[in-house]
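Close look at the chain arrangement
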Amino acid sequence: MSAIRRLLTTSLTSAALRDLRRVRHRLTRRIGGKAMTADFFFQVDDPYGPVALPFLAALADRHQLALRLHLVPPPDAAAAPEIARLEDYGRRDAQMLAQTLGLEAIGAGRPGPAQIARAQAIAGAALANEHPVDALIAIARACQSDGADAALDGMAERYGALDATSTNALVVDGQTTRKRLGHYLGSTTHFEGEFYWGVDRLHYLEARLRADDVDSPARLCPVLDLGPLPPSPPPPRAMPPRIDFYLSFRSPYTLVAVERIEALASAYGAELRLKFVLPMVMRGLPVPGAKRLYITLDTKREATRHGIAFGTIHDPVGAGVERGLAVLHHAIAQGRGLDFARSFLRAAFAEGIDMTNDTGLLKAAARAGITAETVAAALADPSWQSVAEANREELFALGLWGVPSFQVDDRPGWWGQDRLWRIEDDLRDALGLRPIDRRLT
């Protein structure tokens, strides 16, 4: 069974299968004489929409890409179990993205159900506008502004509004289409079998379109990533900056982070502290199949971009995670925590090794310099459980809930391996260094 599972995950994440799917979609489109068309799922109260849509619209104009715009509700509780934290964090993160990318600021308003329903009705009417993308951006900004009621009055005067029955039908249709195609979030673009969330992943869509356009000029969409790291760390300080790195052993994205964060910490002379937590599913929070599939395929393209092996998977959920965290707890005390975390995650997500048995765990431990005696002592010591719970409480106190997450000193925390560039900005700020213009990287 393990061999079959490894074969399936390796095949699922292979570039060959991805390319075959792309060829099939392209041939079907061309044989049918259809235009290139992408679907964008618009949630009126999602702050990531006004950040992604300007770049998607520019991309569509350049590559003659037709856009189908769908109104959708927020993700359901199974797909976003910590919805209040997600909404609060999303507002802060989207504001940061807008500022970084030189866009108009995102409002900090918290629209209520009545305002959301009204914005949906206006957005439904605006889909018939000559410039619907511009209209949706304006409506989202109005909905999320501090003076949402007055701002929505202006939007209704400009675009009109549908009745409640027609609006609900559009939202249900958008939700059904999103689910049928295999996703669960707003501000997500779908093109011929692949999804691109927010502005962060649009550069992958652009790469696909540019590959078919030999005359394509310079890229439009940002690739937010670390800048060229300093060749040597800054002079030692009495209090070097500190990175708290929240991780779990069931998170594919944590593998991408753990493979990169040591170089970032070393480049800026930062102290790196590992803060392990139990994965969400082991804390009673569901992870639906569509979410697991998207995360797996998205991790694959992120890992490939950074030259990281990923895709031959043996899910360590349950006993594998618990045994791994027990050993990690002791490895941290020996100064080998990052080495063991890297070895464990490679074994589980790149090599398909079963971490629920001693053979797999001892192999991962040995190549991190952890002895069999240490492993045995760790497995007999339950103290890691209270540490994991304390780390979870710290994570929640930061307004975060998922991993990987990071915090530099006492600055705000950031979620996701694709926010390592933001951690670099915080490190530079802590050291009094000039910030990097991310629009140029």
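The text that follows walks through the structure, step by step, so that each part is easy to find.

Considering the overall build of the chain
If you tally the helices and strands in the chain, you get 18 helices and eight strands. Across its three principal directions, the C-alpha atoms of the chain cover 70 × 50 × 45 Å. Within the chain, buried positions represent 52% of all 441 residues. A separation threshold of at least 6 residues defines the contact pool for the chain, and within that pool the share at least 24 residues apart is 76%. Element-wise, carbon and sulfur atoms account for 55% of the exposed surface of the chain, whose accessible area totals about 19300 Å². Charged side chains of the chain number 52 positive and 52 negative; the gap between the two group centres comes to 5 Å.

Some points on the packing of aromatic side chains
Scanning the model with the defined rule gives eleven aromatic pairs in all. With centroids separated by 6.2 Å and ring planes inclined at 80°, the aromatic side chains of tyrosine 89 and tryptophan 401 adopt a geometry described as edge-to-face. Of this pair, tyrosine 89 sits in helix H4 (residues 83–100) while tryptophan 401 sits in the loop between helix H17 (384–397) and strand S7 (405–408), and the two are 312 residues apart along the sequence. Among the residues examined, tyrosine 89 registers a relative accessible area of 2% and is labelled buried. Of the residues examined, tryptophan 401 reaches a relative accessible area of 5% and is grouped as buried. With a centroid separation of 5.2 Å and 15° between ring planes, the pair formed by phenylalanine 245 and phenylalanine 406 is classed as stacked. Linking phenylalanine 245 in strand S5 (residues 242–247) with phenylalanine 406 in strand S7, this pair joins segments that are 161 residues apart in sequence.

Side note on the nonpolar core
The nonpolar side chains of a soluble globular protein tend to be buried with one another. Formed by 122 residues in total, the largest nonpolar core has its most connected members in Phe42, Phe249, Leu328 and Phe340. When neighbours within four sequence positions are excluded, phenylalanine 340 is seen to be in contact with Phe249, Gly324, Val327, Leu328, Ala331, Leu361, Ala364, Ala365 and Ala368.

Conventions we followed
Residues numbered from 1 in each chain as written. Predicted model: local features only at pLDDT ≥ 70, side-chain atom pairs only at ≥ 80, totals over all residues. Heavy atoms only, no water. Helix = DSSP H or I, 4+ residues; strand = E, 2+ residues; numbered from the N terminus. Buried < 20%, exposed > 50% of the residue type's maximum accessible area, 1.4 Å probe, protein only. Contact = heavy atoms within 4.5 Å. Areas by Shrake-Rupley, 256 points an atom, 1.4 Å probe, with all protein chains shown as cover. Lys, Arg positive; Asp, Glu negative; His and termini not counted. Charge placed at Lys NZ, Arg CZ, Asp CG, Glu CD. Phe/Tyr/Trp six-rings, centres within 6.5 Å; stacked < 30°, edge-to-face > 60°. Core = buried A, V, L, I, M, F, W, Y, C linked by side-chain atoms within 4.5 Å.

Keep in mind that these numbers describe shape and distance, not what the molecule does.
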